[in-house]
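# Geometric and topological summary
What follows is each chain in one-letter form.
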Amino acid sequence: MKPAADNLVKIKDSSDTGRVLVESEFPIDVFPKQVQDIILDVHKSLNFPVDFTCGTIISALAVAIGNKYVAQLKPDYTQKAIIYMALVGRAGSSKSHPMDWITRPLKENDNELYKEYCQNYKDYEEGLIEKLPVFKPTLVYNATIEKLNDMHSNNPTGLGFFSDELLNFYNNLNRYSKGDDLTYWLSNWSGKGGRMDRLKDKTPQAPFEQCISILGGIQPMLIERLIQGDNLHNGFIERWLFAYPKIVRYQEVNDNHISPDTIARWDNILRQIIDIEYNEDSISTVLKFSPEASEIYITWQNLNADTINAKNDDILAKIQSKMEQYCIRLSLILEILYWSCGESTATAISENSVVNAIKLTEHFRDISLKIVRTHQNRKRAYSVNQDMLFDNLPPEFQTKEAISIGDKLDIRPRSVKGFLNDKEKYKKLGHGVYAKINGNGAAA
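Below or above, wherever it landed, is the structure these notes cover. (Residues numbered from 1 in each chain as written. Predicted model: local features only at pLDDT ≥ 70, side-chain atom pairs only at ≥ 80, totals over all residues. Heavy atoms only, no water.)

## Some thoughts on the overall build of the chain
The helix and strand inventory of the chain stands at 14 helices and 13 strands. Looking at the chain as a whole, 51% of its 444 residues are labelled buried. When the accessible surface of the chain is summed, it comes to about 21,800 Å², and 48% of that surface belongs to carbon and sulfur atoms. (Helix = DSSP H or I, 4+ residues; strand = E, 2+ residues; numbered from the N terminus. Buried < 20%, exposed > 50% of the residue type's maximum accessible area, 1.4 Å probe, protein only. Areas by Shrake-Rupley, 256 points an atom, 1.4 Å probe, with all protein chains shown as cover.)

In structure tokens:
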């Protein structure tokens, strides 16, 4: 058995699929064969990286399911199909195209709803209907938290928040409020009930079951921005799944054409789930784990708990904790997907769904661990270089002198300038002139 990252237990090795391509380690064999064929066709014809297509498929399924179903491992313990998915690739690596192509049935459904809304509004103006119609889209691209909640209350089935550039989404957190936005998204991931009481019109908003998934792209070098500050400790980064290809390439153009059958098959698969009616009383259908599925999940969780307890690693524990919840969510998503492909009756979470959800979870878990470990190593190297520069600088110095000393220590000029901004270590005496600060806070 191939060892997992940080020695966590793997129930089944994900390397057994013969359909994973050279540049991808994504276990596409967790999907039904007809979905695998779709993934491979868009890769061959449209150059979509496998990881980005698979990550978007999972996100689109989560949005289509929304509040319609919840997975129940045990009484009073359920999970919704809420996914925070980040497609990681440099500029030109085709992150946006899979998002557009895979979510097209959701967009088309929203377009149909908008046409219906326009007709109903016309009828309302002409006095043919008494109730003011409301547009109830599923996809959201840019909205304040207040507006988002207002849209969600009108569409309690659930929403999908999509952003081509996740860094823009992150930078806008708390832009329009005083520290509440990040808390909102941390809470939303847990699927807690929602209601907003600070809308300007002061109209009471009925409670609803909050269910919003997020999908977006981000460049590898910018992931550090998501981890910085408190995000390594407040649970924000652990809530994300990263679709991160082993090889990230600038995509070339070819003259292949996608099969019309591929387009029709994906549209049919996703639309069957979109068309499932949400209970008019806003009550989710509960899919319980079968006894066999429950035993597989609990065995996997307990084995990993033993490993984590032995290692006493806080980062490992925090990531695994969220991944255990994701495993339940992915089990639900796969079960509904199997149903849409004619491979399940969707009356319970099956053994097959849990086994494949574990493979997916382990794949995403290993990526998260790699990202956080890399961040820790960079932070550690940053601290070492910062201390080394400080020790070699004279009590007073100019910027060019610091850069020269940094060069001898193999520290880049950009890093040196960044270190000099640390007001606990350096005092700026004038333009380009600094003094080191001793332990008492005074210039050395």
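## As for helix α13 (residues 399-408)
Where α13 is concerned, the buried positions are Thr399, Ala402, Ile405 and Gly406. Along the axis of α13, the buried residues cluster in a sector spanning 125 degrees; they form a single face. Along α13, exposed side chains directed more than 90 degrees from the buried face belong to Lys400, Asp407 and Lys408. Just downstream of α13, Asp410 is the residue with a positive phi angle, here 65 degrees. (Arc of directions from axis to C-beta.)

## Section: the sheet that holds strand β10 (residues 285-288)
Strands sit in the order β2-β1-β10 across an open sheet of three strands; the sheet is mixed. Whereas interior strands pair on both sides, the edge strands pair on one side only; in this sheet they are β2 (77-79) and β10. Geometrically, the sheet is characterised by an average inter-axis angle of 35 degrees between neighbouring strands, direction not taken into account. Judged from the three bridges that link them, strand β1 (residues 69-74) and β2 form a sheet pairing that is antiparallel. Residue pairing across strands places Gln72 opposite Thr78, the latter belonging to β2. (Pairing = 2+ DSSP bridges. Axes fitted to C-alpha atoms, helices over the stretch in contact; angles between N-to-C directions.)

## Digging into the packing of helix α4 (residues 104-125) against helix α9 (residues 260-274)
Pairs of packed helices are described in terms of their axes, by the angle between the two and the distance that separates them. The N-to-C vectors of α4 and α9 enclose an angle of 60 degrees; their axes lie 9 Å apart at closest approach. Considering the angle they form, α4 stands oblique to α9. In the packing of α4 onto α9, the handedness of the crossing is right-handed. Residues Arg104, Pro105, Leu106, Glu108, Asn109 and Glu112 of α4 lie in contact with α9, whose contacting residues are Ile263, Trp266, Asp267, Leu270, Arg271 and Ile274. (Parallel < 35°, antiparallel > 145°, perpendicular 65-115°, else oblique. Left-handed = near helix turned anticlockwise from the far one by under 90°. Contact = heavy atoms within 4.5 Å.)

## Focus: empty space enclosed by the protein
Taken as a whole and assessed by the stated rule, the structure comprises one cavity of 30 Å³ or more. Roughly 30 Å³ of volume is contained in the largest cavity. If you trace the largest cavity, you find it lined by Ile237, Glu238, Phe242, Ile319, Ser368, Ile371 and Val372. In terms of residue count, helix α12 (residues 351-392) provides more of the lining of the largest cavity than any other element does, three residues in total. (1 Å grid on protein atoms, 1.4 Å probe; cavity = no way out; pocket = protein on both sides within 12 Å on 5 of 7 lines; lining within 4 Å. Points joined across faces, edges and corners; volume = space filled by probe spheres on them.)

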